[in-house]
2 protein chains.
Amino acid sequence: MIKVDYSYAGEFISDAELEAIRPEVEAARDTLVKGTGEGNDFTGWVDLPEKYDRAEYARIKAAAEKIRSDSEVLLVIGIGGSYLGARAAIEALGGTFDRHVIFCGNNISAKYTQDVIDYIKGRDFSINVISKSGTTTEPAIAFRLFKKLLEDRYGAAEAAKRIYATTDKVRGALKTMADGSGYETFVVPDDVGGRYSVLTAVGLLPIAVAGVDIDALMAGAQAMRRECLEKEYMDNEALKYAALRNILHRKDKSVEILVNYEPCLHFVSEWWKQLYGESEGKDKKGIYPSSVDFTTDLHSLGQFVQDGSRIMFETVLNVVNNGTSIVVGSDEKNLDGLNYLAGKEMDFVNKAAMQGTIQAHTDGKTPNLKVDMDRLDAYNLGELFYMFEFACGVSGYVLGVNPFNQPGVEMYKRNMFKILGKPGY
Amino acid sequence: MIKVDYSYAGEFISDAELEAIRPEVEAARDTLVKGTGEGNDFTGWVDLPEKYDRAEYARIKAAAEKIRSDSEVLLVIGIGGSYLGARAAIEALGGTFDRHVIFCGNNISAKYTQDVIDYIKGRDFSINVISKSGTTTEPAIAFRLFKKLLEDRYGAAEAAKRIYATTDKVRGALKTMADGSGYETFVVPDDVGGRYSVLTAVGLLPIAVAGVDIDALMAGAQAMRRECLEKEYMDNEALKYAALRNILHRKDKSVEILVNYEPCLHFVSEWWKQLYGESEGKDKKGIYPSSVDFTTDLHSLGQFVQDGSRIMFETVLNVVNNGTSIVVGSDEKNLDGLNYLAGKEMDFVNKAAMQGTIQAHTDGKTPNLKVDMDRLDAYNLGELFYMFEFACGVSGYVLGVNPFNQPGVEMYKRNMFKILGKPGY
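Described below are features of the structure shown in this document. Model, not experiment: these values are computed from the prediction. (Residues numbered from 1 in each chain as written. Chains lettered and ligands numbered in written order. Predicted model: local features only at pLDDT ≥ 70, side-chain atom pairs only at ≥ 80, totals over all residues. Heavy atoms only, no water.)

1. Let's talk about the overall build of chain A
Scanning chain A for helices and strands turns up 14 helices and 10 strands. Computed over C-alpha atoms, the radius of gyration of chain A comes to 23 Å, within 12% of the 22 Å expected from 2.2 N^0.38 for 425 residues, which places it in the range of a compact globule. Over its C-alpha atoms, taken along the principal directions, chain A stretches across nearly 65 × 65 × 45 Å. The burial tally for chain A puts 64% of its 425 residues in the buried class. The long-range share in chain A, meaning contacts at least 24 apart out of those at least 6 apart in sequence, stands at 79%. For chain A, the separation between the mean place of its 49 positive charges and that of its 61 negative charges on side chains is 6 Å. (Helix = DSSP H or I, 4+ residues; strand = E, 2+ residues; numbered from the N terminus. Rg over C-alpha atoms; globule rule 2.2 N^0.38 Å. Buried < 20%, exposed > 50% of the residue type's maximum accessible area, 1.4 Å probe, protein only. Contact = heavy atoms within 4.5 Å. Lys, Arg positive; Asp, Glu negative; His and termini not counted. Charge placed at Lys NZ, Arg CZ, Asp CG, Glu CD.)

2. Quick word on helix α11 (residues 266-280) of chain B
For α11(B), spanning 15 residues, the distance from its first C-alpha to its last is 21 Å, which sits close to the expected 21 Å at 1.5 Å a residue. For α11(B), the buried fraction is high: 15 of the 15 residues fall into the buried class. (Expected span 1.5 Å × (residues − 1).)

3. Considerations on unusual backbone geometry
Most peptide bonds take the trans configuration, and most residues that are not glycine carry a negative phi. For the bond from A:Phe294 to A:Thr295, the omega torsion is 5°, close enough to zero to count as cis. Take A:Thr295: it is sitting in the loop between β8 (288-293) and α11 (302-307). The backbone of A:Asp283 shows a phi angle near 50°, a positive value even though the residue is not glycine. Residue placement: A:Asp283 occurs in the loop between α10 (266-280) and β8. The backbone of B:Lys365 shows a phi angle near 75°, a positive value even though the residue is not glycine. Looking at the element boundaries, B:Lys365 is found in the loop between α13 (346-363) and β10 (368-375).

4. Regarding the interface of chain A and chain B
How big an interface is tends to be stated in terms of accessible area lost as the parts join. With 118 residues of chain A in contact, the opposing surface of chain B contributes 118 residues. Of the roughly 9,900 Å² buried at the junction of chain A and chain B (both faces included), carbon and sulfur atoms supply 65%. Residues A:Arg144 and B:Asp336 are paired through a salt bridge, measuring 2.8 Å at the closest nitrogen-oxygen approach. At the surface where chain A touches chain B, the tally comes to 44 residue pairs in polar contact (both at pLDDT 80 or more). (Buried area = accessible area lost by both parts, 1.4 Å probe. Salt bridge = Lys/Arg side-chain N within 4 Å of Asp/Glu carboxyl O. Polar contact = N/O pair within 3.5 Å; in protein donor to acceptor, adjacent residues only side chain to side chain.)

5. Quick look at the nonpolar core
By size, the foremost hydrophobic cluster in this structure holds 121 residues, and its most contacted members are A:Ile127, A:Phe146, B:Ile127 and B:Phe146. Examining the composition of this core, we find that eight residues originate from one element, helix α5 (residues 137-161) of chain A, more than from any other. When sequence neighbours within four positions are dropped, the list of residues in contact with B:Ile127 reads B:Leu74, B:Leu75, B:Ile77, B:Phe143, B:Phe146, B:Lys147, B:Leu150, B:Arg162, B:Ile163 and B:Tyr164. (Core = buried A, V, L, I, M, F, W, Y, C linked by side-chain atoms within 4.5 Å.)

6. Some remarks on the sheet that holds strand β4 (residues 125-130) of chain A
Residues and elements named next belong to chain A. Sheet architecture is open: five strands sit in the order β3-β2-β4-β5-β6, paired in parallel fashion. Looking at the sheet topology across the chains shown, the edges are occupied by β3 (101-104) and β6 (184-187). Taking the axes of each pair of neighbouring strands and ignoring which way they run, one obtains an average angle of 20° across the sheet. Relative to strand β5 (residues 163-167), β4 runs parallel, the two being bridged by four bridges. From the neighbouring strand, isoleucine 130 faces β5, where its bridge partner is threonine 166. (Pairing = 2+ DSSP bridges. Axes fitted to C-alpha atoms, helices over the stretch in contact; angles between N-to-C directions.)

7. Quick notes on helix α14 (residues 410-420) of chain A
Residues A:Tyr412, A:Lys413, A:Met416, A:Phe417 and A:Leu420 constitute the buried set of α14(A). Around the axis of α14(A), the buried residues are gathered within 135° of arc, so they sit on the same side. Looking at the buried positions of α14(A), the neighbouring elements they touch are α5 of chain A together with α13 of chain B. Of the residues trailing α14(A), A:Gly421 is marked for its positive phi of about 75°. (Arc of directions from axis to C-beta.)

8. Examining the relation of the copies chain A and chain B
Between the two copies of the chain lies a relationship made up of a rotation around an axis and a movement along it. Aligned on chain B, chain A shows an RMSD of 0.0 Å; the corresponding rotation is 180° and the shift along the axis is 0.0 Å. Those values place the two copies in the arrangement expected of a two-fold rotation axis. Within chain A, the C-alpha atom positioned nearest to the axis of rotation is that of A:Ser290, 3.6 Å from it. Comparing contact sets, 100% of the residues at the interface of chain A also lie at the interface in chain B, consistent with an isologous, same-surface contact. (Least-squares fit on C-alpha atoms with pLDDT ≥ 70 in both.)

9. Observations regarding the sheet that holds strand β10 (residues 368-375) of chain A
Residue and element names in this part refer to chain A. Strands sit in the order β1-β10-β9-β7-β8 across an open sheet of five strands; the sheet is mixed. Looking at which strands have only one partner, the edges of the open sheet turn out to be β1 (2-5) and β8. Looking at each pair of strands side by side, their axes are set apart by 20° on average, direction ignored. Here strand β7 (residues 255-260) pairs with strand β9 (residues 312-321) via six bridges, running parallel. Of the residues in β9, the one forming a bridge with asparagine 260 is leucine 317. Contacting β7, β8 and β9, α10 crosses the sheet at an angle of about 175° to β8.

Interpretation in functional terms is not warranted from these geometric data alone.
Structure (structure tokens):
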């Protein structure tokens, strides 16, 4: 269960303002759902939790089982939307120090790449290369390199059985390569952009390999889809979130900080930053998405949020019921003065830090929204992913941009290709 | 060698503006160096690279050797300035997948803490607990817990030899505990605030345990200190950086994004965010410090930086000479079209991405500064740390704030203690 709570932000957002923006938000929802807006050829993710390819889904689960049985490491090669969703889910639901799924082709650092090469030495591994086209520079470089290492290790025939290509259904360099070499392939749908693709094969295969229950992930997304499509404005968490952030933006809040109190949610924030940054950051518009891990970063950026330039609001991701129980011990000497917490659960302290911080930052004139998720499991994460996606589509239309394109990412590529001497540039 | 390059920002910063702000910057430098400003009891870091305690420094190295010989894992317990500097150096100079130094007490997450408990099972470990007072909530909770685990594992006598306390020289809960139990202690100096403490025992012990050459780190800081104190304005990298960012801030740039092209620099950015955010984010003032890892985040936040709200500038950390060499291979079929890069070094491609991006973002009206560091080694990192610290002190005085206090971090603590029922709140 996901709830968007704005009760702490009452000083900054009135019910009248929420009512005033309602027609815009509902119109934006209609534009999204009816597919009448700009970018409407990229809204396949709206119905995805219901209308996905069951046969492919079964193949994803089978491939994940095979990889888990024959590989200590799955090397996922992808960048942007072909990277962040999987990493978000795996880190949120996996162990902090697990390294069964590692990522590459998400940068061009020789040092990082060498560390990955060293890491897989002596470890059985498979590759999931994820690229719609197969020609994106970072993953293409990495795939050349690690495909060769895999073939050198296992021979070409066995290597081909250890490579899984998630790519276009029919065309493109990677699809051609995969068909020619006999790799199993999965589909990046035509109507789902990278940053909305976590619930396609792009995210699902690596997430399943990490041991996450993808049935529960999809079930959560399904449930949230129904809520998003059916519920009235004030009971609709996605619409509320879209409304609230636009109200705050119009009051000159130019930065939104996504806050968590569980460091394993760090990459959920990174995924969210791509989702909102790339969807809204265009035409000289948009709220700049930033993130912090509290209480860690209360000891670094807390001062600024409390009392620096008043340009931001916070959205706090709150895991209501934490599964892990650690109790603060008692100490006879009590030199650290902590005995007042003896017998208390660590999560009780963490929640007190959250409540105290929301109050302090609100008092300091940084509005705080709160997104409650019932617990940190696959079902709730599926709900959260979908809620943020739906809210993003709506929010982008309210802002007056096309939430599904990203024309600005081509400029640096053109410059780069020219410097590199790529034919045609 | 560190160089601050503003040649790409010529459209946004004129030589006349740099000359105009010069008196303010030089006055701020004098305030800092002469110790005549607010917070002048916390400027001990200015002379630290020369005036440090050589006997303690030798003990740090000896302790690091012992820990490296008897422990597979050093558990560092600290938060904020007692955490970020060490992590920044260790990740910048160590291997991506190394887990010999791990961090705890830097959050209140039961899940994270349980993962650390599981990780150290069956691994020999020691503890470096870092806290000026010994009563900061997060590290105090973690220290209670892991001290007990260590004592259960090794017995009280041997555990005491595996605990290293970095704390106040004479007073406080942790000092009392350490003296009572016979832990070796190192000093958090009175005149060095947390965020300026990386070159004290706070940073140096964990950094040395990770195998980093701390002699080179200190030598780099020494060299940069002399440059900062002696060089004229236009040849002084710290003064230039302080001037440039204040000029841009006065032109309504409210966010500074620190950019790297080596993911191992991620936590250098986190360290920098505390340094600048906590030093300048007060009195409703300050540039909000943010960071990205490129090219990874070009595929998430690149769109926003290129074409979203024009509220930011970027400062690009550029490692001029990379030590690692990986060459792009050739492929007969060339389906991915990468053969134009065959035989080229990966770092050449990475640098082309950087150059192309600086140009594209500049064209998109996001000013770009560049900080060149000659190579990614301990010496250069020592220079970089000191340059950023010195520039931060100067920049804060130019902004008109006390760069050495952090009054805003007390508010949430008071609220939290009240909720927790701490005696006296």
